[in-house]
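Coordinate inspection notes
So the chains spell out like this:
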Amino acid sequence: MTDPQSDPPLDAAPVETAPPSHPSQPAARASFWRWIGEGLRAAFLLPPRIDASPTPWQLLILVLVPGLLALGVARLQIEGPASFHPLPALQSFWATALSCGSAGGR
């Protein structure tokens, strides 16, 4: 007697699957607010319910908006006039640029 859940023998022919009957369709586009909602959902460790890809402009906004909000909140922590020194602010990006540069050369 054989177990119905056992693996097939190694010499068995592979099962052929039929090609899809419809041509592949381009990925659907979701609205900006849908991306924000799914990002908040993922922040609470829930699986996102979206199977679309963002447009380049949506991706740019999705990256810049949180960064600008964090910058605005950080500015509120400083009393009085503030001065910006770009060199210390950009120092953390050297490691990122070096990592991306070394990973791209493989």
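So, here is what we can say about the structure in this document. (Residues numbered from 1 in each chain as written. Predicted model: local features only at pLDDT ≥ 70, side-chain atom pairs only at ≥ 80, totals over all residues. Heavy atoms only, no water.)

Attention now goes to the overall build of the protein chain. A tally of regular secondary structure across the protein chain gives three helices and zero strands. Counting helices and strands in the order they occur from the N terminus, the protein chain gives α-α-α. Entry remark: accessible area of the protein chain is about 10000 Å², with carbon and sulfur atoms responsible for 68%. (Helix = DSSP H or I, 4+ residues; strand = E, 2+ residues; numbered from the N terminus. Areas by Shrake-Rupley, 256 points an atom, 1.4 Å probe, with all protein chains shown as cover.)

Notably, Leu-45 is not glycine yet its phi reads approximately 60 degrees, a positive angle. Its location among the elements puts Leu-45 in the loop between α1 (32-43) and α2 (56-76). We classify Leu-45 as exposed; its relative accessible area is 79%. (Buried < 20%, exposed > 50% of the residue type's maximum accessible area, 1.4 Å probe, protein only.)

Throughout the structure, instances matching the rule amount to one aromatic pair. Consider the rings of Phe-32 and Trp-33, whose centres lie 5.1 Å apart with planes at 75 degrees: the pair is edge-to-face. (Phe/Tyr/Trp six-rings, centres within 6.5 Å; stacked < 30°, edge-to-face > 60°.)

By the definition in use, this model includes two salt bridges. Of the charged contacts in the structure, one is a salt bridge between Glu-38 and Arg-34, with a shortest N-O distance of 3.7 Å. Here the residue Glu-38 and the residue Arg-34 both occupy positions in helix α1, the gap between them amounting to four residues, near one helical turn. According to the relative accessible area criterion, Glu-38 is buried, its value standing at 6%. Given the relative accessible area of 37%, Arg-34 is considered partly exposed. One salt bridge connects Glu-38 with Arg-49, and the closest N-O pair in it is separated by 3.6 Å. Of the two residues, Glu-38 is situated in helix α1 and Arg-49 in the loop between α1 and α2; the sequence distance between them amounts to 11 residues. (Salt bridge = Lys/Arg side-chain N within 4 Å of Asp/Glu carboxyl O.)

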